[in-house]
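Here is what each chain is made of, one letter per residue.
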Amino acid sequence: MRVLSGIQPSGALHIGNYLGAIRQYLALQESNDAFYFVANYHALTSVRNAEILRGYVFDVMVDFLALGLDPDRATLFVQSDVPETTELAWLLTTVTPMGWLEKCVSYKDKVQQGLPSDHGLFAYPVLQAADILIYDADVVPVGQDQKQHLEITRDIAERFNHVYGKGADVFKLPKPYILDTVSVVPGIDGRKMSKSYNNTIEIFDDPTIITKKVKKIVTDSTAVEAPKNPDTCPLFGLFKLFANADELTEVERRYREGGVGYGEMKKRLAEVIIAAFGPARERRADWAAHPERVAQVRAAGAERARKAARVVLDRARNACGVA
Ligand code: ADP
Ligand code: TRP
């Protein structure tokens, strides 16, 4: 199977990105043909400083490598190194009804948060469709917030196939891969963890900062000795995504019986998060100290990605008559 996904370089990656997306990237690179990229064309809709953008792109590449995405197994690349994508985006845009984009929740949310409502932000899902369709992706691992974009991608592919296919499909129809257990990871205020809500715990935050942020997680005022419902506790909600089976059984039992306090849980939660990224933190320092190696990975990924993209772009150009 061809697996494909991308993340915008618009700030440091957080544990919502890790649990909702990157952990699945890691699992899927094992026995599939995986393509993972840094979506810097998309980031232009929110990052308006060239130096900062270049820095974020480098950081996400380094984060990918540190977390275990493996350039020998997966194709790791930067979106703008494959300019074919923007040409395909134009072809797709000509068969995309305005109404499909007008109903996009992500667009409306972003405008409400104060992003400029440029045409790029409006047409964002068409570029995303191009990202996916140009690699003949079968499966796209993402968090729940991307579900609508995946639906639009399929709708655009079907429409293009219908208009230009002449019996043979131009595009493959991709499927989203969204795990229920981590589809929406909560942030320290209980809302969806997101850069734009300022409620994130960053993967490579300093351990003292992680501990501080975990302490801020909002809980109720149930006393230590009182029984608690683990299913509605934000601390437990995050703890269970990092803890091993034994720890989980022990803590869950004590929640139900009473006797576990939020102070203790915050301490343990910070510990499991810090431990989960310990080895990655070391690998990160090593990659960051060798930008030339990161550049090599980027260049090799671009070459592979571009080759694959060219085939599909040519198919689309032929189908609609511009070639
Ligand atoms: P943000 O909302 O912080 O800007 P991105 O939009 O860059 O995050 O998301 C990159 C990937 O991480 C996407 O696949 C997205 O669905 C996933 N993701 C982001 N936040 C969460 C979350 N809180 N829970 C689950 N998945 C998430
Ligand atoms: N829109 C995605 C996000 O905000 C990033 C993205 C761009 C993407 N192109 C993609 C994700 C293609 C999956 C496939 O997270």
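So, how was this worked out
- Residues numbered from 1 in each chain as written.
- Chains lettered and ligands numbered in written order.
- Predicted model: local features only at pLDDT ≥ 70, side-chain atom pairs only at ≥ 80, totals over all residues.
- Heavy atoms only, no water.
- Phe/Tyr/Trp six-rings, centres within 6.5 Å; stacked < 30°, edge-to-face > 60°.
- Helix = DSSP H or I, 4+ residues; strand = E, 2+ residues; numbered from the N terminus.
- Buried < 20%, exposed > 50% of the residue type's maximum accessible area, 1.4 Å probe, protein only.
- Lys NZ or Arg CZ within 6 Å of the ring centre and 35° of its normal.
- Pairing = 2+ DSSP bridges.
- Domains from an automatic or database assignment.
- Contact = heavy atoms within 4.5 Å.
- Buried area = accessible area lost by both parts, 1.4 Å probe.
- Near = heavy atom within 4 Å.
- Polar contact = N/O pair within 3.5 Å; in protein donor to acceptor, adjacent residues only side chain to side chain.
- Areas by Shrake-Rupley, 256 points an atom, 1.4 Å probe, with all protein chains shown as cover.
- Nonpolar A, V, L, I, M, F, W, Y, C, P; charged D, E, K, R; others polar.

Some points on the packing of aromatic side chains
- With the rule as written, the count across this model stands at 12 aromatic pairs.
- Taking 5.3 Å as the distance between ring centres and 40° as the angle between the ring planes, the aromatic pair formed by Phe-35 and Tyr-135 counts as tilted. Of this pair, Phe-35 sits in strand β2 (residues 33-38) while Tyr-135 sits in the loop between α8 (124-133) and β4 (139-141), placing them 100 residues apart in sequence.
- Classification of Phe-35 as buried rests on a relative accessible area of 3%.
- Clustering of aromatic rings is evident, with ring pairs tying together Phe-35, Phe-37, Phe-77 and Tyr-135.
- When the ring centre of Phe-204 is taken as reference, the NZ or CZ atom of Arg-284 above it lies at 5.5 Å.

Points about the pairing of strand β3 (residues 75-78)
- Neither face of β3 is open: one carries Thr-75 and Phe-77, the other Leu-76 and Val-78, and all of them are buried.
- As judged from the four bridges shared by β2 and β3, these two strands associate in the parallel manner. Residue pairing for β3: Tyr-36 is matched across the bridge by Leu-76.

Comments concerning the domain arrangement of the protein
- Domain annotation of the protein identifies domain 1 (2-184 + 291-320) and domain 2 (205-276).
- Look at where the C-alpha atoms of domain 1 and domain 2 centre, and you get two points 34 Å apart.
- If you look at the interface, domain 1 gives five residues, while domain 2 gives four residues.
- Buried area between domain 1 and domain 2, summed over both chains or domains, comes out near 380 Å², and the portion from carbon and sulfur atoms is 81%.
- Contact with domain 2 buries surface across domain 1, with Ile-15, Leu-19 and Arg-23 losing the most and accounting together for 77% of the total.

Focus on the site of ligand 1
- Taken together, 18 residues surround ligand 1, and among them His-14, Gly-143, Asp-145, Val-185 and Lys-195 come closest.
- Between ligand 1 and the protein, one listed contact pairs an oxygen atom with a side-chain N or O atom of Asn-17 at 3.1 Å.
- One of the backbone N or O atoms of Lys-195 is found 2.9 Å from an oxygen atom in ligand 1.
- Expressed as a share of its isolated accessible area of 540 Å², the protein-covered part of ligand 1 is 92%.
- For the shell around ligand 1, the class distribution of residues is seven nonpolar, eight polar and three charged.

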